Amino acid sequence: MNKKDYYWAKYMLIFGFFCISFGTSIFLKTEHAPDEAMRMLIPEYIVSHHALPNGMEEAVRHPLWGFSYALYPYLTALISAVFMGIAALFNGSAAVLLTAARLTSVLSGTGTLIVVFLIGEELFERRESALLGGIFVGFLPQFVFLSCYVNNDSFAVFTVALIIYSGFAA
């Protein structure tokens, strides 16, 4: 495979993954995304109160379970709150804010795919192998699903991919 065809295929796969993840994030119902409603309490609190929750506030605690995800690290919620704040400038509807919050996972998944391609280029001499590695990682149904709703998992996978890739730069 020549270099031009490889880059064309790679960028089309990245763009295709982004479109699939973003499109699904627009239409995915909250009840189909595990614990998303509870995770959304944190960025909603940040956007509405302009403050960070400590986990003890009633607004971020689940009434049945009695705990809050604000007691755990919530960097992804901070990033989602930034996207929600920007989206609120244009349209404050609940659907738009939810999609804006989900953008963190969509971009994390897309970033993971980009880094996996970079890892594949370092590991394999043949470009086809790097493409195949990216397809296997990026288009696993579970990973695509993780990249469509508010969670910490897609960002965690992205950071692990970055750590692995940084090992090649050392």
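Residues numbered from 1 in each chain as written. Predicted model: local features only at pLDDT ≥ 70, side-chain atom pairs only at ≥ 80, totals over all residues. Heavy atoms only, no water.

*Asks:* I keep staring at helix H3 (residues 75–90) and nothing clicks. Help me out?
*Replies:* Note that an α-helix has 3.6 residues per turn; residues three or four places apart therefore point the same way. A rise of 1.5 Å per residue sets the reference length of H3, with its 16 residues, at 22 Å; its end C-alpha atoms lie 24 Å apart and thus fit the reference within 8%. Close packing links the buried residues of H3 with helix H2 (36–49), helix H4 (94–123) and helix H7 (153–169). (Helix = DSSP H or I, 4+ residues; strand = E, 2+ residues; numbered from the N terminus. Expected span 1.5 Å × (residues − 1). Contact = heavy atoms within 4.5 Å.)

*Asks:* Explain the nonpolar core here, please?
*Replies:* General note: in soluble globular proteins, nonpolar side chains tend to be found buried as a group. Of all hydrophobic cores here, the largest spans 13 residues; its most connected members are Phe 17, Leu 28, Leu 113 and Phe 117. For this core, the secondary structure elements donating two or more residues are helix H1 (3–27), H4, helix H5 (127–138) and helix H6 (141–146). It is H1 that contributes the most residues to this core, 3 residues altogether. Setting aside chain neighbours within four positions, we find Leu 28 in contact with Ala 33, Arg 102, Phe 145, Cys 148 and Tyr 149. One finds Ile 42, Ile 46, Tyr 69 and Ala 70 within the second-largest nonpolar core, a separate group that totals 10 residues. (Core = buried A, V, L, I, M, F, W, Y, C linked by side-chain atoms within 4.5 Å. Buried < 20%, exposed > 50% of the residue type's maximum accessible area, 1.4 Å probe, protein only.)

*Asks:* In this structure, what is going on with the side chain of Lys 10? I would like to understand it.
*Replies:* Inspection of the secondary structure assignment puts Lys 10 in helix H1. Apart from residues lying up to four places away in sequence, Lys 10 is in contact with Phe 117, Glu 121 and Leu 131.

*Asks:* Just checking my understanding: could you explain the packing of H1 against H5 for this structure?
*Replies:* To describe two helices that pack against each other, one gives the angle between their axes and the distance between the axes. Relative to each other, H1 and H5 sit at 5 degrees, their axes nearing to 10 Å. Looking at the two axes, H1 sits roughly parallel to H5. Only Arg 127, Ala 130, Leu 131, Ile 135 and Gly 138 of H5 make contact with H1, whose side of the interface consists of Lys 3, Tyr 6, Ala 9, Lys 10, Leu 13 and Phe 17. For the contact of H1 with H5, the residue count by class is 7 nonpolar, 1 polar and 3 charged. (Axes fitted to C-alpha atoms, helices over the stretch in contact; angles between N-to-C directions. Parallel < 35°, antiparallel > 145°, perpendicular 65-115°, else oblique. Nonpolar A, V, L, I, M, F, W, Y, C, P; charged D, E, K, R; others polar.)

*Asks:* Whenever I open this one, unusual backbone geometry confuses me. Can you help?
*Replies:* Outside of glycine, negative phi angles account for most residues, and trans bonds account for most peptide bonds. Here the phi dihedral of Asp 35 falls at roughly 50 degrees; this positive angle occurs in a residue that is not glycine. Here Asp 35 lies in the loop between H1 and H2. What makes Asp 35 partly exposed here is its relative accessible area of 28%. With a phi close to 55 degrees, His 50 is a non-glycine residue in the positive phi region. In this fold, His 50 is placed in the loop between H2 and H3. By relative accessible area, His 50 is classed as exposed at 71%.

*Asks:* Where do I start with the packing of aromatic side chains in this structure?
*Replies:* Each aromatic ring pair is characterised by the separation of its centres together with the angle its planes make. Scanning the model with the defined rule gives 11 aromatic pairs in all. Considering the side-chain rings of Phe 67 and Tyr 72, the 6.3 Å spacing of their centres and the 90 degrees angle between planes classify their relative orientation as edge-to-face. You can call Phe 67 partly exposed: its relative accessible area is 26%. Here Phe 155 and Phe 158 contribute two aromatic rings whose centre-to-centre distance is 6.2 Å and whose plane-to-plane angle is 50 degrees, an arrangement assigned as tilted. Residue Phe 155 and its partner Phe 158 are located together in helix H7, separated by 3 residues, close to a single helical turn. (Phe/Tyr/Trp six-rings, centres within 6.5 Å; stacked < 30°, edge-to-face > 60°.)

Everything listed here is a matter of coordinates, which is why it stays silent on function.
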